[in-house]
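# Reading the structure
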Amino acid sequence: MLHLPPGLRLHDPQPSPPPQEFFFAPSRFSTPHPSHHLPVDDEEAEEAEFTDANGCYYHTYHSLLNGRPCTADGVFLAPGVPPTPPPPKSRNDWSPYHNDIEFATADFVFKQRHMSNAVADTLFDLMAALLAKHNDSPPFTDHKDLHQCFVPIILGSDKTTVSVGMGNSEYYPLYASIGNVHNNVWCAHHDALVIIGFLAIPKTNRKDAKEDIFRNFRCQLFHRSLSAILASLKPGMTQYEVLRCGDNHFRRIIYGLGPYIADYEEQIVLSCTVKNWCPKCLALQLNLDGGGIYRSREHTDLMISELPGDTLWFEYGINSHIIPFTNDFPRADIHQLLSFDLLHQLIKGAFKDHLVDWVVKYLRITHGTKQGDEIMSDIDRRIAAVASFSGLRRFHEGHDFRQWTGNDSKALMKVFIPAIEGHVPQEMVRVFRALLEFCFLVQRNVITEDTMKQIQDALTRFHHYRQIFETSGTVPHFSLPCQHLMIHYVDMIRLFAAPNGLCSSITESKHIKAVKDPWRWSSKNNALGQMLLCNQCLDKLAAS
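Reading the values: rules and limits
Here the residue numbers are simple positions, counted from 1 along each chain's written sequence. Since the coordinates come from a predicted model, pLDDT governs what is reported: local features require at least 70, and pairs of side-chain atoms require 80 or more to be given and counted, while whole-chain, interface and lining totals use all residues. The basis for every side-chain value is the complete set of heavy atoms in the structure, and neither hydrogens nor water enter the calculation. Relative accessibility decides the category of a residue: with a 1.4 Å probe and only protein chains considered, values under 20% of the type maximum give buried, values over 50% give exposed, and everything between is partly exposed. Strands are runs of DSSP state E lasting at least two residues, helices are runs of H or I lasting at least four, and both sets are numbered from the N terminus onward. It only takes one pair of heavy atoms within 4.5 Å for two residues to be counted as in contact. What makes a salt bridge here is a side-chain nitrogen of Lys or Arg within 4 Å of a carboxyl oxygen of Asp or Glu, nothing more. Take the number of residues in a helix, subtract one, and multiply by 1.5 Å to get its expected span. At every residue, the bend is computed as the angle between two fitted axes, covering the seven residues ending there and the seven beginning there respectively. Strand pairing follows a simple DSSP-based rule, namely that at least 2 bridges must link the two strands. Lines are fitted to the C-alpha atoms to define the axes, a helix being fitted only along its stretch in contact, and any angle between axes, read from their N-to-C directions, falls within 0 to 180 degrees. What we call a nonpolar core is a set of buried Ala, Val, Leu, Ile, Met, Phe, Trp, Tyr and Cys residues that are connected through their side-chain atoms within 4.5 Å. Residues enter a patch when their relative accessible area is above 30% and they make no salt bridge; the linking distance is 9 Å between like charges and 5 Å between nonpolar side chains (Val, Leu, Ile, Met, Phe, Trp, Tyr). To be clear on the numbers: accessible area is Shrake-Rupley with a 1.4 Å probe, and residue cover counts the displayed protein chains and nothing else. As used throughout, the charge tally considers Lys and Arg to be positive and Asp and Glu to be negative, leaving His and the chain termini uncounted. To locate a charge, take NZ of a lysine, CZ of an arginine, CG of an aspartate or CD of a glutamate. Any angle that falls under 35 degrees is termed roughly parallel, while one over 145 is termed roughly antiparallel, one within 65 to 115 roughly perpendicular, and all others oblique. Each crossing is labelled by how the near helix is turned from the far one, with a counterclockwise turn of less than a right angle marking it left-handed and a clockwise turn marking it right-handed. Throughout this entry, Asp, Glu, Lys and Arg are counted as charged residues, while Ala, Val, Leu, Ile, Met, Phe, Trp, Tyr, Cys and Pro are counted as nonpolar. The remaining residues, Gly among them, count as polar.

## Digging into helix 16 (residues 489-496)
- In terms of residue burial, helix 16 counts as a mostly covered element, since seven of its eight residues are buried.
- All of the buried residues along helix 16 are Y489, V490, M492, I493, R494, L495 and F496.
- Buried positions along helix 16 lie against helix 8 (334-337), helix 9 (342-384), helix 12 (426-442) and helix 13 (449-465).

Pasting the structure below:
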């Protein structure tokens, strides 16, 4: 059976089977629910037609949003009508700058020399004094004349530290993007993700930091900040706007909140759930793999209106004191919008923090601390002895070093199985193999129905073979959110497309360009405003 994103239907007028290879469309926005009356044309929706590689004919359509071309006034075009040509652009059009001198000056000041505001003002003053003799003026009056702002939809936030040596300076950037960007652009970081603001990080004394009232205040401030930042998008979520697309056709556009990229710690804040519970379903905290119905905005609101807060907290994992920001927007359910997190859930979570550490613990339990450490030393020697080869990284000191990054864990995944062979039972080797198969399958750019079956098969084998860690006394249970969330990947792939386009590694990589570099270029005194202006100018240059 061929699965399409929610709201789409497939018709095959010929008896031929569906194609084996199917590219999941990057439909990263919430699908409008029929109960929400969106403005649509009275005419019957135009059907989109295509033929696969085997010559089988298909047509798909959406009852509300079908991407049908229209004029700049919103009037639908007949099928086959070419797009309205864009107005001719002059060779001297340097918008949003006035001319090539302004563009070159801005590029030199910000991207090449990273000048401070004071130095830039000095430069412009000197240019003004020189050009005054010719009754002319510099391209910019001062540094303030350089900056403009931007408006962003897919969200992602991740707290980061810019300097440990200068007092652990922390910032909380909020990123946004649009949902029709291909995965190769996302993964290459071609400015598909932009920073739209910095969230507040409330501080208090050590005593009050552990109080429930402060924790609730911090969470609600987070949600209210998101709601305020995104308020300008709300009108476009119920009334369409006519915009020109990349193919030069005008289309009626309806906006909607898309997936939210976040690690588990932030997902529980976003979904207003209790730690160690699943933010996606109602599985019990001590038996996450026992399953449960999916959480939803309507179900949560109903339980909050009927049950006391203590019952909601301990029996359903719901923090009833917090109102999620998605309640302020139409067709938005935070439980549905939470996306995958390959980096923290699988690579650094299930693999490094769980399985690798469990092997160390198993060896010490089985052979004693001294002999167990000797075996781990031999495993480290095997890892360090890996021959140089394209795509493989050499760990000269084995796997035991303090500062682990996502790239370190990815590299270790490729060499860890042969390193532990012979030192642990075969069931443990099979656990690693099943998890690695799952990880590599979900990281593909193209996921077909056959791939989905392989993902489910790898997950079934992982659950079966990991029992060796429980029977050996290594771990007491497997109610671990990182591993539990793996059971939701198949459904999330059908909802959001390939997971590698919605990974927190994208936001973490963006920290360098959007947070850490602007901070280094700033005066370090009240740096936040300088960092925002720097990002605005960099985006302006990228758009020119």
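## Topic: unusual backbone geometry
- In the Ramachandran plot, N276 falls in the positive-phi region, its phi being about 75° despite a non-glycine side chain.
- Of the residues examined, N276 reaches a relative accessible area of 35% and is grouped as partly exposed.
- Within the chain, N526 stands out as a residue other than glycine whose phi angle is a positive 50°.
- By secondary structure assignment, the location of N526 is in the loop between helix 17 (504-521) and helix 18 (527-543).
- Residue N526 is classed as exposed on the basis of its relative accessible area, which comes to 67%.

## Looking at the pattern of salt bridges
- Evaluation of the coordinates by the stated rule reveals 13 salt bridges.
- A salt bridge links R466 to D289, with the shortest nitrogen-to-oxygen separation between them at 2.2 Å. In this pair, R466 sits in the loop between helix 13 and helix 14 (467-471) while D289 sits in the loop between helix 5 (264-270) and helix 6 (297-306), placing the two residues 177 residues apart along the sequence.
- Its salt-bridge partner being E449, residue R494 comes within 3.8 Å of it at the nearest N-O pair. Separated by 45 residues along the polypeptide, R494 in helix 16 and E449 in helix 13 bring together distant segments of the chain.

## Digging into helix 17
- Look at helix 17: 25 Å from first C-alpha to last across 18 residues, which is about the 26 Å you get at 1.5 Å a residue.
- In the structure, helix 17 departs most strongly from a straight axis at H511, where the bend amounts to approximately 40°.
- Looking at helix 17, one finds that the buried residues are S504, I506, T507, K510, H511, A514, V515, D517, P518 and W519.

## Here we look at the sheet that holds strand 12 (residues 260-261)
- One open sheet accounts for four strands, arranged 9-8-5-12; its pairing is mixed. In this open sheet, the two edge strands, each paired with only one partner strand, are strand 9 (194-198) and strand 12.
- Alignment of strand 5 (residues 154-157) against strand 8 (residues 173-177), held across four bridges, turns out to be antiparallel. Note on strand 8: the bridge partner recorded for I154 is S177.
- Here helix 17 sits on the sheet and contacts strand 5, strand 8, strand 9 and strand 12; the angle it forms with strand 8, its principal contact strand, is near 115°.

## Quick look at the nonpolar core
- Among the nonpolar cores identified, the biggest contains 62 residues, and F351, I379, F416, F438 and F469 are the most heavily contacted of them.
- Elements that contribute at least two residues to this core include exactly helix 9, helix 10 (406-413), helix 11 (416-420), helix 12, helix 13, helix 14 and helix 16.
- With 17 residues, the single largest contributor to this core is helix 9.
- Every residue in contact with I379, bar those within four places of it in the chain, is listed here: L363, F416, A419, I420 and H423.

## Concerning a positive patch on the surface
- Residues K159, R206, K210, R215 and R218 make up a contiguous surface patch of positive charge.
- By the element assignment, R206 lies in the loop between strand 9 and helix 4 (212-229).
- Looking at R206, the relative accessible area reads 76%, which means it is exposed.

## A look at the pairing of strand 5
- Here strand 5 shows a buried face lined by I154 and G156 and a second buried face lined by L155 and S157.
- With two bridges connecting them, strand 5 and strand 12 associate as parallel partners. Pairing of G156 across the sheet is with I261, part of strand 12.

## Section: the side chain of T300
- Position of T300 among the secondary structure elements: in helix 6.
- A relative accessible area of 12% means that T300 is categorised as buried.

## Here's the deal with the packing of helix 12 against helix 13
- Where helix 12 contacts helix 13, the two axes come as close as 8 Å, and the packing angle between them is 155°. One way to sum up the angle between helix 12 and helix 13 is to call them roughly antiparallel. By crossing handedness, the relation of helix 12 to helix 13 is classed as left-handed. Residues E427, R430, V431, A434, L435, E437, F438, L441 and V442 of helix 12 pack against T451, Q454, I455, A458, L459, R461, F462 and Y465 of helix 13.
- Residues of the contact of helix 12 with helix 13, tallied by class, amount to eleven nonpolar, two polar and four charged.

## Details of the pairing of strand 9
- Taken across its five residues, strand 9 has five buried, putting it largely inside the fold.
- Bridging between strand 8 and strand 9 involves four bridges; their strand directions are antiparallel. By the bridge assignment, L174 is partnered in strand 9 with G197.

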